[in-house]
Amino acid sequence: MAAPRGGLEAVEAEDSVGLRGTSGIELALPSGLAVPAPLCPHGPTLLFVKVTQGKEETRRFYACSACRDRKDCNFFQWEDEKLSGARLAAREAHNQRCQPPLSRRQCVERYLKFIELPLTQRKFCQRCQQLLLPDDWGQHSEHQVLGDVSVTQLRKPSQLLYPLENKKTNAQYLFADRSCQFLVDLLSTLGFRRVLCVGTPRLHELIRLTTSADKNSNIKSLLLDIDFRYSQFYMEDSFCHYNMFNHHFFDGKTALEVCRAFLQEDKGEGVIMVTDPPFGGLVEPLAITFKKLIAMWKEGQSQDDSDKELPIFWIFPYFFESRICQFFPSFRMLDYQVDYDNHALYKHGKTGRKQSPVRIFTNIPLNKIILPTEEGYRFCSLCQRYVSLENQHCEHCNSCPSKDGRKWNHCFLCKKCVKPSWIHCSICNHCAVPDHSCQGPKDGCFICGELDHKRSACPNIASSKRANEAVRKQKQRKSNKMKMETTKGQSMNHTSATRRKERRERAPSISLLLNVQ
């Protein structure tokens with residue numbers, strides 16, 4: 001997971017004025033007939049459009065689904081751009097070069113050979129992040145190598161591998177032991193027998209460790225993750241190299257069928273999906289992917305079970321609640337604060353605004369989920385759910401309204417509870433942080449300005465697109481005309497220059513002729 005901005009101070013501002021500001025990038029639906037998206041090293045790309053308040057850029061483009069920084073994946077292509085055969089071939093070659101050096105089958109074969117080695121011969125290259133067989137030792141002789149790799153270490157690969165901490169790409173922050181143990185205990189209490197771990201490698205590890213150590217535990221797990229390094233440590237039925245932003249299985253149909261069989265086992269009973277996406281990713285492509293996994297699970301259901309939902313734990317910051325509930329209306333947010341080992345801010349035990357903003361969104365009834373009372377959580381009999389210690393029930397709102405763990409105050413003008421640091425602004429006519437800009441951007445639709453929907457769901461989007469298309473064509477005609485005039489002018493200038501040069505070359509000869517005469 002990854003924080004969307006530099007620190008927790010940004011959370012206050014984002015909640016106050018809206019997450020998108022005056023401009024942003026949104027997912028776009030392909031126009032016309034369905035055309036396969038071009039491929040980058042991370043699978044099919046996504047179609048995006050740049051939008052600003054009241055205005056939509058008319059030209060859409062394809063970009064990498066997983067990387068927000070073009071330094072990590074520089075794929076870019078306009079939607080209407082036509083590529084030559086040479087460029088397409090070069091792109092295909094580049095995509096192949098970026099793939100892992102070993103196939104999934106080769107990784108499994110190496111792992112089986114590795115565990116057969118005596119302890120003294122089990123080595124791990126920390127520089128290359130690779131398990132080494134004896135034939136590999138010579139190539140890594142000058143690298144930092146860890147020796148005597150035990151079976152216990154092999155069962156905890158997240159502690160062997162360096163976390164990928166690029167916030168704009170991998171953002172691999174790992175659950176702290178407290179949160180991880182809570183999730184495993186909760187899953188067991190709720191009676192789940194299978195857990196689809198999407199981007200949660202440490203949870204996957206702990207489930208497998210618990211099952212191997214406790215004969216009474218029969219929970220199985222399957223890890224889907226974009227970090228191909230985990231291929232070294234798991235068999236094919238335990239790990240799939242996967243991009244959650246475009247539902248892409250890097251190992252093709254074989255991996256897809258592994259996931260399908262896992263979801264549909266026992267007619268889909270007893271399975272739950274737990275996901276912890278990077279916070280910097282857009283909610284919409286994640287929601288589309290998760291709905292595809294839900295559809296895969298539903299394929300194994302009978303017609304009588306058509307109303308059932310796949311149980312899900314989606315771990316994400318609380319300030320994305322409205323976006324998540326827009327795609328999954330049945331989801332509710334738990335007060336439980338998730339913390340991470342290798343994140344400087346998202347730690348348990350902090351107070352006030354420094355508390356972790358990460359929560360669990362789920363479609364499981366909240367009265368079935370028991371939060372640890374030893375950490376201060378308590379059961380609200382009015383709300384019929386567990387809440388944090390300072391989340392006091394408001395008789396006016398008829399709910400425990402706090403999202404961030406602090407006691408919120410009721411504003412009678414806004415008719416809702418707000419953060420304790422907010423004040424009511426008579427100019428904006430709503431509560432906000434004290435130093436907010438009254439002329440600042442408002443959240444809502446970029447086309448009509450209404451607050452109850454996004455641009456993509458606006459009833460006026462068709463007329464807006466027609467207007468934008470007309471503007472685009474007018475700009476294109478103007479651009480073509482300017483290019484023609486520029487080309488014509490350059491041609492005339494070139495002709496004039498050529499004539500002047502010829503006259504200068506002839507001039508000395510005439511002078512010389514006159515002097516001779």
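Here we summarise the structure given alongside this text. (Residues numbered from 1 in each chain as written. Predicted model: local features only at pLDDT ≥ 70, side-chain atom pairs only at ≥ 80, totals over all residues. Heavy atoms only, no water.)

What follows deals with the sheet that holds strand β9 (residues 130–132). Sheet architecture is open: three strands sit in the order β9-β8-β10, paired in antiparallel fashion. Looking at which strands have only one partner, the edges of the open sheet turn out to be β9 and β10 (145–146). Where strand β8 (residues 123–125) lies against β10, two bridges are found, and the strand directions are antiparallel. Looking across to β10, one finds that Cys 125 is bridged to Val 145. Of the strands in this sheet, β8 and β9 are in contact with helix α3 (residues 104–116), which crosses β9 at around 50°. (Pairing = 2+ DSSP bridges. Helix = DSSP H or I, 4+ residues; strand = E, 2+ residues; numbered from the N terminus. Contact = heavy atoms within 4.5 Å. Axes fitted to C-alpha atoms, helices over the stretch in contact; angles between N-to-C directions.)

What the rule picks out here adds up to zero disulfides. Sulfur of Cys 431: no disulfide; nearest cysteine sulfur belongs to Cys 411 and is 3.5 Å away. Judged by its relative accessible area of 7%, Cys 431 falls in the buried class. (Disulfide = S-S within 2.5 Å. Buried < 20%, exposed > 50% of the residue type's maximum accessible area, 1.4 Å probe, protein only.)

Taking strand neighbours across the sheet as the criterion, the eight strands line up as β14-β13-β12-β11-β15-β16-β18-β17 in an open arrangement whose pairing is mixed. Across the chains shown, the open sheet's two edge strands, defined by having one partner strand only, are β14 (248–249) and β17 (332–333). Alignment of strand β11 (residues 194–198) against strand β12 (residues 220–225), held across five bridges, turns out to be parallel. Bridging from a neighbouring strand, Arg 194 pairs with Lys 220 of β12. Taken strand by strand, helix α6 (residues 177–189) contacts β11, β15 (271–275), β16 (312–317) and β18 (358–362), and its axis lies near 155° from that of β16. In the packing of helix α9 (residues 283–298) onto the sheet, the strands contacted are β11, β13 (239–243), β15 and β16, and the crossing angle to β16 comes to about 170°.

Attention now goes to the nonpolar core. Within the largest apolar cluster, 83 residues are counted, with the highest numbers of intra-cluster contacts made by Leu 196, Phe 313 and Trp 314. Of all the elements, α9 adds the most residues to this core, at eight residues. Residue contributions to this core reach at least three from each of two domains, namely domain 2 (100–149) and domain 3 (167–369). Discounting residues that sit within four places of it in the chain, Leu 196 has contacts with Leu 222, Leu 224, Cys 259, Phe 262, Leu 263, Ile 272, Met 273, Val 274 and Leu 293. Counting residues in each nonpolar core, the second largest holds 11 residues, with Ala 28, Val 49, Val 51 and Tyr 62 among its members. (Core = buried A, V, L, I, M, F, W, Y, C linked by side-chain atoms within 4.5 Å. Domains from an automatic or database assignment.)

For the rest of this paragraph, the subject is the packing of aromatic side chains. Using the criterion set out here, one finds 19 aromatic pairs in the structure. Measuring from centroid to centroid gives 5.0 Å for Phe 76 and Trp 78, while their planes differ by 85°, and the two rings are edge-to-face. Considering the side-chain rings of Phe 316 and Phe 320, the 5.0 Å spacing of their centres and the 50° angle between planes classify their relative orientation as tilted. Its relative accessible area of 0% is what places Phe 316 among the buried residues. Each member of the aromatic cluster is reached from another via a ring pair, and the members are Phe 279, Phe 290, Trp 314, Phe 316, Tyr 318, Phe 319, Phe 320, Phe 328 and Phe 331. The residue whose ring lies beneath Lys 123 is Trp 137, and the NZ or CZ to ring-centre distance is 4.1 Å. The ring of Phe 262 carries Arg 194 above its face, with NZ or CZ at 5.9 Å from the centroid. (Phe/Tyr/Trp six-rings, centres within 6.5 Å; stacked < 30°, edge-to-face > 60°. Lys NZ or Arg CZ within 6 Å of the ring centre and 35° of its normal.)

Given a rise of 1.5 Å per residue, 13 residues ought to cover 18 Å, and the 19 Å separating the end C-alpha atoms of helix α8 (residues 252–264) matches this to within 8%. All buried positions along α8 are accounted for by Ala 255, Cys 259, Arg 260, Phe 262 and Leu 263. The buried residues of α8 occupy one face: seen down the axis, they fall within an arc of 165°. α8 presents Lys 253 and Thr 254 as exposed residues on the side facing more than 90 degrees away from its buried surface. Among the structural elements, β11, β12, β13, β14, β15 and α9 are those in contact with the buried residues of α8. Downstream of α8 by one or two residues, Asp 266 has phi in the positive range, about 55°. (Expected span 1.5 Å × (residues − 1). Arc of directions from axis to C-beta.)

So, about the environment of Gly 270. Tracing the backbone through its elements, the reader meets Gly 270 in the loop between α8 and β15. On the basis of relative accessible area, Gly 270 is assigned to the buried category, the value being 16%. As for Gly 270 and Arg 194, which are separated by 76 residues in sequence, their C-alpha atoms are 6.2 Å apart. When neighbours within four sequence positions are excluded, Gly 270 is seen to be in contact with Phe 192, Arg 193 and Arg 194.

The next subject is the environment of Cys 431. Within the secondary structure, Cys 431 is located in strand β24 (residues 430–432). Spatially, the C-alpha atoms of Cys 431 and Val 418 are 7.3 Å apart, while their sequence positions differ by 13 residues. Here Cys 431 is in contact with Cys 411, Cys 414, Val 418, Trp 422, Ile 423, His 424 and Cys 425, once residues within four sequence places are set aside.

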